[in-house]
Amino acid sequence: MLVALILAHPQGDSYCHSLAERAAAGLRAGGHEVVVVDLYGQGFRAAMTGEERSAYHGDEPICDPLVEASADLIGRAEALVFVYPTWWTGLPAILKGWLERVMVPGVAFRFDERSGKVRPALSNIRHIVGVSTYEETHSAVRITNDNGRRTITRALRVNCGFRTRTHWFGIFDVFDKSDLERREFAGRVERELTELR
Amino acid sequence: MIRALVIYCHPLLGAYNEAVREAALAGLSSAAEEIRVTDLYADGFNPEATTLDSDGRCVLGDDPLLVGYAADLAWCDTLVLIYPTWWAGQPAMLKGWIDRVWVEGVAWESAEGPEKRQPLLGNIKRLVAISTHGSSKSVNMLEGEGGKRTFTRGLAKMCHRRARTTWLALYGIDTSSLSDRESFLAKVERQLSRLP
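Residues numbered from 1 in each chain as written. Chains lettered and ligands numbered in written order. Predicted model: local features only at pLDDT ≥ 70, side-chain atom pairs only at ≥ 80, totals over all residues. Heavy atoms only, no water.

Asks: Hey, could you run me through the overall build of chain B in this one?
Replies: When you go through chain B residue by residue, the secondary structure sums to 7 helices and 7 strands. Taken over C-alpha atoms, the radius of gyration comes to 17 Å for chain B, in line with the 16 Å a tight globule of 196 residues would show. For the C-alpha atoms alone, the extent of chain B along its principal axes is close to 50 × 35 × 35 Å. Looking at chain B residue by residue over its 196 residues, the buried ones come to 56%. The contacts of chain B with a sequence gap of at least 6 include a subset with a gap of at least 24, amounting to 76%. Placing the 22 positive and 24 negative side-chain charges of chain B at their respective mean positions leaves the two points 10 Å apart. (Helix = DSSP H or I, 4+ residues; strand = E, 2+ residues; numbered from the N terminus. Rg over C-alpha atoms; globule rule 2.2 N^0.38 Å. Buried < 20%, exposed > 50% of the residue type's maximum accessible area, 1.4 Å probe, protein only. Contact = heavy atoms within 4.5 Å. Lys, Arg positive; Asp, Glu negative; His and termini not counted. Charge placed at Lys NZ, Arg CZ, Asp CG, Glu CD.)

Asks: I tried to follow the sheet that holds strand E2 (residues 32-39) of chain B on my own but got confused; where do I start?
Replies: As a general point, the strands of a sheet are linked pairwise by backbone hydrogen bonds and lie either parallel or antiparallel. All names here are of chain B. In space, the 5 strands of this open sheet follow the order E2-E1-E3-E6-E7, with parallel pairing throughout. Each end of this open sheet is capped by a strand with a single partner; those strands are E2 and strand E7 (164-170). Averaged over all adjacent pairs, the angle separating strand axes in this sheet is 15°, with direction ignored. When strand E1 (residues 2-8) meets E2, the two strands line up parallel, connected through 7 bridges. Bridge pairing in E2 links Ile7 to Thr38. (Pairing = 2+ DSSP bridges. Axes fitted to C-alpha atoms, helices over the stretch in contact; angles between N-to-C directions.)

Asks: Before we go on, may I ask you to explain the environment of Leu73 of chain A in this structure?
Replies: Residue and element names in this part refer to chain A. Residue position: Leu73 is located in helix H3 (residues 65-76). Separated by 70 residues in the primary sequence, Leu73 and Val3 place their C-alpha atoms 8.9 Å from one another. Ignoring any residue separated from it by four or fewer positions in sequence, one finds Leu73 in contact with Leu2, Ala4, Val35 and Val37.

Asks: Hey, could you run me through the interface of chain A and chain B in this one?
Replies: Accessible area lost on assembly of the parts is the figure often given for the size of an interface. Taken together, the 47 residues of chain A in the interface contact 44 residues of chain B. When the buried surface of chain A facing chain B is broken down by residue, Trp87, Trp88 and Glu135 of chain A rank first, second and third, together holding 20% of it. Between the two partners, chain A and chain B, sit 2 salt bridges. A salt bridge links Glu135 of chain A to Arg117 of chain B, with the nearest nitrogen and oxygen atoms 3.2 Å apart. At the junction of chain A and chain B, the tally comes to 21 residue pairs in polar contact (both at pLDDT 80 or more). (Buried area = accessible area lost by both parts, 1.4 Å probe. Salt bridge = Lys/Arg side-chain N within 4 Å of Asp/Glu carboxyl O. Polar contact = N/O pair within 3.5 Å; in protein donor to acceptor, adjacent residues only side chain to side chain.)

Asks: Could you clarify how one ought to interpret the sheet that holds strand E6 (residues 127-134) of chain A in this entry?
Replies: Residues and elements named next belong to chain A. Taken in spatial order, the 5 strands of this open sheet run E2-E1-E3-E6-E7, and their pairing is parallel. Strands at the two margins of the open sheet, each flanked by one partner only, are strand E2 (33-38) and strand E7 (165-171). When the angles between neighbouring strand axes are averaged without regard to direction, this sheet yields 15°. Here 8 bridges tie strand E3 (residues 79-86) to E6, and the two strands are oriented parallel to one another. The residue of E6 that forms the bridge with Thr86 is Tyr134.

Asks: When you look at helix H1 (residues 15-29) of chain A in this model, what are you seeing that I'm missing?
Replies: For an α-helix, 3.6 residues make a turn, and residues three or four places apart therefore share a direction. Residue and element names in this part refer to chain A. With 15 residues, H1 extends 21 Å from end C-alpha to end C-alpha; this agrees with the ideal 21 Å at 1.5 Å per step. For H1, the set of buried residues is Tyr15, Cys16, His17, Leu19, Ala20, Ala23, Ala24, Gly26 and Leu27. Against the buried residues of H1 lie strand E1 (2-7), E2, E3, E6, E7 and helix H7 (179-194). Where H1 ends, the next residue or the one after it, Gly31, has phi of about 90°, a positive value. (Expected span 1.5 Å × (residues − 1).)

Asks: When you look at the side chain of Thr164 of chain A in this model, what are you seeing that I'm missing?
Replies: Residue and element names in this part refer to chain A. Here Thr164 lies in the loop between helix H6 (147-156) and E7. Classification of Thr164 as buried rests on a relative accessible area of 7%. Within the local environment of Thr164, its side chain forms a polar contact with the backbone oxygen of Ile125, the two atoms lying 2.7 Å apart. Looking at Thr164, its side chain comes within polar contact range of the main-chain nitrogen of Gly161, at 3.2 Å. Beyond its immediate chain neighbours, meaning those up to four positions away, Thr164 contacts Ile125, Arg126, His127, Ile128 and Arg157.

Asks: Explain the nonpolar core here, please?
Replies: If you look at soluble globular proteins, the nonpolar side chains tend to sit buried side by side. Counting residues in hydrophobic clusters, the biggest one holds 90 residues, and the most contacted among them are Phe82, Trp98 and Met103 of chain A together with Leu73, Leu79, Trp97 and Trp102 of chain B. No other element matches the 6 residues that helix H4 (residues 92-101) of chain B contributes to this core. Residues in contact with Met103 of chain A, not counting those within four places in the same chain, are Tyr56, Ile74, Leu80, Trp98, Ala108, Phe109, Leu122 and Leu156 of chain A together with Trp87 of chain B. Counting 25 residues, the second largest nonpolar core, distinct from the first, contains Tyr15, Cys16, Val129 and Val131 of chain A. (Core = buried A, V, L, I, M, F, W, Y, C linked by side-chain atoms within 4.5 Å.)

Asks: What's the story with the packing of helix H3 (residues 64-75) of chain B against H4 of chain B in this structure? I'm lost.
Replies: Describing two packed helices takes the angle between their axes plus the distance from one axis to the other. All names here are of chain B. At a closest axis distance of 10 Å, the pairing of H3 and H4 adopts a crossing angle of 85°. If you check the angle between H3 and H4, you find them roughly perpendicular. In this structure, H3 uses Leu66, Tyr69, Ala70 and Leu73 to contact H4, whose residues at the interface are Trp97, Arg100 and Val101. Residues belonging to the contact of H3 with H4 are distributed by class as follows: 6 nonpolar, no polar and 1 charged. (Parallel < 35°, antiparallel > 145°, perpendicular 65-115°, else oblique. Nonpolar A, V, L, I, M, F, W, Y, C, P; charged D, E, K, R; others polar.)

Asks: What exactly am I supposed to notice about the packing of H3 of chain A against helix H4 (residues 93-102) of chain A here?
Replies: All names here are of chain A. Viewed as axis vectors pointing N to C, H3 and H4 meet at an angle of 75°, and their least axial separation amounts to 10 Å. Of the possible angle classes, the one that applies to H3 and H4 is roughly perpendicular. Along the contact surface, H3 presents Val67, Ser70, Ala71 and Ile74, while H4 presents Trp98, Arg101 and Val102. Of the residues assigned to the contact of H3 with H4, the class counts are 5 nonpolar, 1 polar and 1 charged.

See below:
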């Protein structure tokens, strides 16, 4: 299947980048085609513009070629993989902005003409995968709630089909982890994604 | 009398959120000794993380805009956020303000032990979030209300030990009536005039 891997870390030599490489390697070993969307690498702008907000409820809500390219990829993909650092219990602004600008009416959902309510439009997505690094310990993340994970596995998930599966990989307390522990985690991501069907 | 910092985030002139902001300011005018208002879009703030340390953590850097934002946080005792909830949370613009301004040395300092972050914003005793939601309350609960939790459990933790949070939300704005929206504005003004 075609997999869209969305990467949201500004530093090319970051652990998130190596996790993205390992995730992609695992998926390719499993026979899947992977397209990596490196948000900082492509110069993606996080903030929705006034022009986009005005166009949001109209026929052409997309006004930027980078957003168009992502939306086109999402329409063809069968799996979405997100690799990002959890900041302030949530998605980094650039990834949050990607959701806001790409997952617009006609791409992620549509407004029902009669009731005005939101209806899902991502029935092509069979798997949603999250790979995230956390500065906090697992228990601290439980207390504040893992809002990035919730946004992806709940808010985004409800726009997919009933059978869409979610998979989550988190490495907690990441700055206090040894190189060995980091490598083990990356290895697990690669291994388990090889099995994705 | 309070010192209020208002952070406003909406890309469109004439948005309903603008009316919310004006209602909030009208309420604050009787309660506050001084009000500072930051309009993130008008300031041309860049929410993408561009200044980082070698571990990949955001740092404030020397951009005067960000240095000013940090000084405002240290100055206020009441923080008011006004924004539309998109995808269950703060818009990227506002999330970027959190990512880039609430950094080590501004909002917290490192400590040993399970609580890695010791709060530095003990001056903030009251936090108010005012947010509009396209979907109903029940859909938002299904989606997890991440933005509300980032506010009540994330940001508030870096403020005064007994800081209080107030969540003022208008749910289901896409299907709301004019009177729903008007009564929400009245509620915002009333609540903010009663601070602290």
